[in-house]
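Tertiary structure, described
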Amino acid sequence: MTEDSQKTVVCSWNEWDPLKHVIVGRAEGTMLQAPEPVVQLDFPDQGFPLGTFGSLPKEMEDKAGELLDNYAAILENRGIRVDRPSPLDFSQVIQTPDWKQDSMFGCMPPRDVLLTVGDEILEAPMSFRSRWFEYLCYRPLLEQYYKEDPSFRWETAPKPRLTDRTYKKDFWKEWNSISEEEQWKRTVNSDWIISETEPLFDAADVARCGKDLFVQKSMVTNDAGIEWLRRHYPDHRVHRVTYREMLPWHIDATLIPLRPGLALINPERPALGNAHNELFKKNGWELVEAPKSVRKEKMPLCTCSMWLNMNCLVIDTKTICIEAAETPMMELLDKYGFEVIPVPLFEVSPFGGGLHCATADVYREGTLEDYFPKQVEGF
Ligand code: DAV
């Protein structure tokens, strides 16, 4: 092998070290997926009432594709290597010995599937049946990294069975019939649809800060999944975090680490319990409340919240990509000394998220550091 082919390709310990290599997702073929235990989409005014499914409209897909290509070009112009996944036919029926699912989803948000910690990329289990095979879209890239980089550790979490035991029976029927007060009660107890039958997590429920990994318990991440991560990363401190959010789904519109000592938080989703804020405070971190999005409405067929303005990509501790319309967010980060790169990506949101969701780290220059030397007991 040549000297060049022996270099380190995969390494990233946190959300802010200088980004050199990243995966940007693709919109092609994305489905409004077929109903399954976790996903019960209902967009009657937009042509997809409960129980129906199908491809996202072609003109939406074209626009999203254009914006993602533009995002990739912006990063490449900064000297960052950008790779893209290989979409599958997401309209196909998939099955395992345990279940059959009428469609897949897509491969716009690599952040949901791939968790990069140091020299390892871990394929997350995923708790949607429609997303069970999504890792295949990234296999051509992972195979290539494996050949190029002798120290790359390619890992996959146990593939979940996702049988009916994985999901609480009649969850949605119950959830939709109880009062808001009851819903908050269940929320505070993290009592959502997935059971503790098997470890489950999406990679996007993890915020990486060197030795400390913040993992949100959510609609797609259970305690067994958090425990699996704890055992899998014995040299890290895995913190189980919960916020006051009704049906949480990924941490990256709730807590966004920006650089050592600074993180964005969501003012509508305060951390539950005192340990979270105490840990940040004790270690001299400032938690800045994100301003609201300038948008008044979501894109049609978008399943994300109104907080994708927080879903930004840090290029390094002085440079950050923000959605191009989000002036208040840009002004805030400018005040904190960042050079802001505006990236238009709003029309990509129905395909699974914002600027952070649409990427997955492959390489950031830097080493494993301890940014929280003072810990909080039991957290
Ligand atoms: O608040 O809607 C969106 C993240 C999707 N990957 C939110 C989180």
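This text gives an overview of the structure that appears in the document. In this text, all values refer to a predicted model and were calculated from it rather than measured experimentally. (Residues numbered from 1 in each chain as written. Predicted model: local features only at pLDDT ≥ 70, side-chain atom pairs only at ≥ 80, totals over all residues. Heavy atoms only, no water.)

This paragraph deals with the site of the ligand. In the region of the ligand, the neighbouring residues are D112, W249, H250, D252, A253, R269, C304, S305, L308, G352 and C357. The side chain of H250 places a nitrogen or oxygen atom 2.7 Å from a nitrogen atom of the ligand. Here an oxygen atom of the ligand and a side-chain polar atom of R269 are 2.9 Å apart. For the ligand, the accessible surface in isolation is 280 Å², of which the surrounding protein chains cover 97%. Its atoms largely coinciding with the cavity grid, the ligand occupies the largest pocket. Looking at the shell around the ligand residue by residue, the class counts come to five nonpolar, three polar and three charged. (Near = heavy atom within 4 Å. Polar contact = N/O pair within 3.5 Å; in protein donor to acceptor, adjacent residues only side chain to side chain. Areas by Shrake-Rupley, 256 points an atom, 1.4 Å probe, with all protein chains shown as cover. 1 Å grid on protein atoms, 1.4 Å probe; cavity = no way out; pocket = protein on both sides within 12 Å on 5 of 7 lines; lining within 4 Å. Sits in = over half its atoms within 2 Å of the grid points. Nonpolar A, V, L, I, M, F, W, Y, C, P; charged D, E, K, R; others polar.)

Read from one edge of the open sheet, three strands run β10-β11-β12, paired in mixed fashion. Since the sheet does not close on itself, it has two edges, and those belong to β10 (206-209) and β12 (237-241), each with one partner. Direction aside, the axes of adjacent strands within the sheet are offset by 20 degrees on average. Here four bridges tie β10 to strand β11 (residues 212-216), and the two strands are oriented antiparallel to one another. Bridging from a neighbouring strand, A207 pairs with F214 of β11. Across the face of the sheet, helix α6 (residues 223-232) comes into contact with β10, β11 and β12 while running at roughly 165 degrees to β12. (Pairing = 2+ DSSP bridges. Helix = DSSP H or I, 4+ residues; strand = E, 2+ residues; numbered from the N terminus. Axes fitted to C-alpha atoms, helices over the stretch in contact; angles between N-to-C directions. Contact = heavy atoms within 4.5 Å.)

A word on the pairing of β10. Covered by surrounding structure in β10 are V206 and R208 together with A207 and C209, the residues of both alternating faces. Between β10 and β11, which follow one another and run antiparallel, lie two residues, and G210 among them has a positive phi close to 65 degrees. (Buried < 20%, exposed > 50% of the residue type's maximum accessible area, 1.4 Å probe, protein only.)

On to the pattern of salt bridges. In the structure shown here, the tally under the stated rule is 33 salt bridges. The partner of E339 in a salt bridge is R78, and the shortest N-O contact between them spans 2.7 Å. Highlighted residues: E339 in strand β18 (residues 339-343) and R78 in the loop between α1 (58-77) and β4 (81-83), separated in sequence by 261 residues. Residue E339 is classed as partly exposed on the basis of its relative accessible area, which comes to 39%. A relative accessible area of 40% means that R78 is categorised as partly exposed. Here R131 and E134 are joined by a salt bridge, their closest N and O atoms 2.8 Å apart. Exposure remark for R131: the relative accessible area of 2% places this residue in the buried category. For E134, a relative accessible area of 1% gives the class buried. Shared partners join several salt bridges into a network, and the residues in it are E15, R111, R208, D361 and R364. (Salt bridge = Lys/Arg side-chain N within 4 Å of Asp/Glu carboxyl O.)

Here the focus is the side chain of H356. Looking at the element boundaries, H356 is found in the loop between β18 and β19 (359-364). Residue classification places H356 among the buried residues on the basis of a relative accessible area of 7%. Within the local environment of H356, its side chain forms a polar contact with the side chain of E15, the two groups lying 3.0 Å apart. With sequence-adjacent residues up to four places away left out, H356 is seen in contact with E15, R111, D252, N311 and C312.

Time to look at helix α8 (residues 327-335). Structurally, the α-helix is built with 3.6 residues per turn, so residues lying three or four positions apart point the same way. For α8, the complete set of buried residues consists of M329, M330, L332 and L333. Along α8, the residues classed as buried sweep out an arc of 160 degrees about the axis, all on the same side. What points out from α8, more than 90 degrees from its buried face, is the exposed set E331, D334 and K335. Residues of α8 that are buried make contact with β13 (255-259), β14 (262-265), β15 (286-289), β17 (319-323) and β18. In the stretch just after α8, G337 is the one whose phi turns positive, near 90 degrees. (Arc of directions from axis to C-beta.)

Taken together, the three strands give an open sheet; going across it, the order is β13-β14-β15, and neighbouring strands pair in mixed fashion. Bordering the open sheet on either side are β13 and β15, each of which pairs with just one other strand. On average, each strand axis in the sheet is inclined to that of its neighbour by 30 degrees, with strand direction left out of account. The pairing of β14 with β15 spans four bridges and is parallel. What sits directly across from A263, in β15, is L287.

Let's shift gears to the pairing of β11. When you tally the buried positions in β11, you get five out of five residues, the bulk of the element. Every second residue of β11 is oriented toward a common face, with D212, F214 and Q216 on one face and L213 and V215 on the other, all of them buried. As defined by bridge partners, β11 adjoins β12 across five bridges and the pair is classed as parallel. Counted as the bridge partner of F214 is H239 from β12. Considered for its hand, the β-α-β crossover made up of β11, α6 and β12 is right-handed. (Right-handed = clockwise from strand over helix to strand, strands pointing away.)

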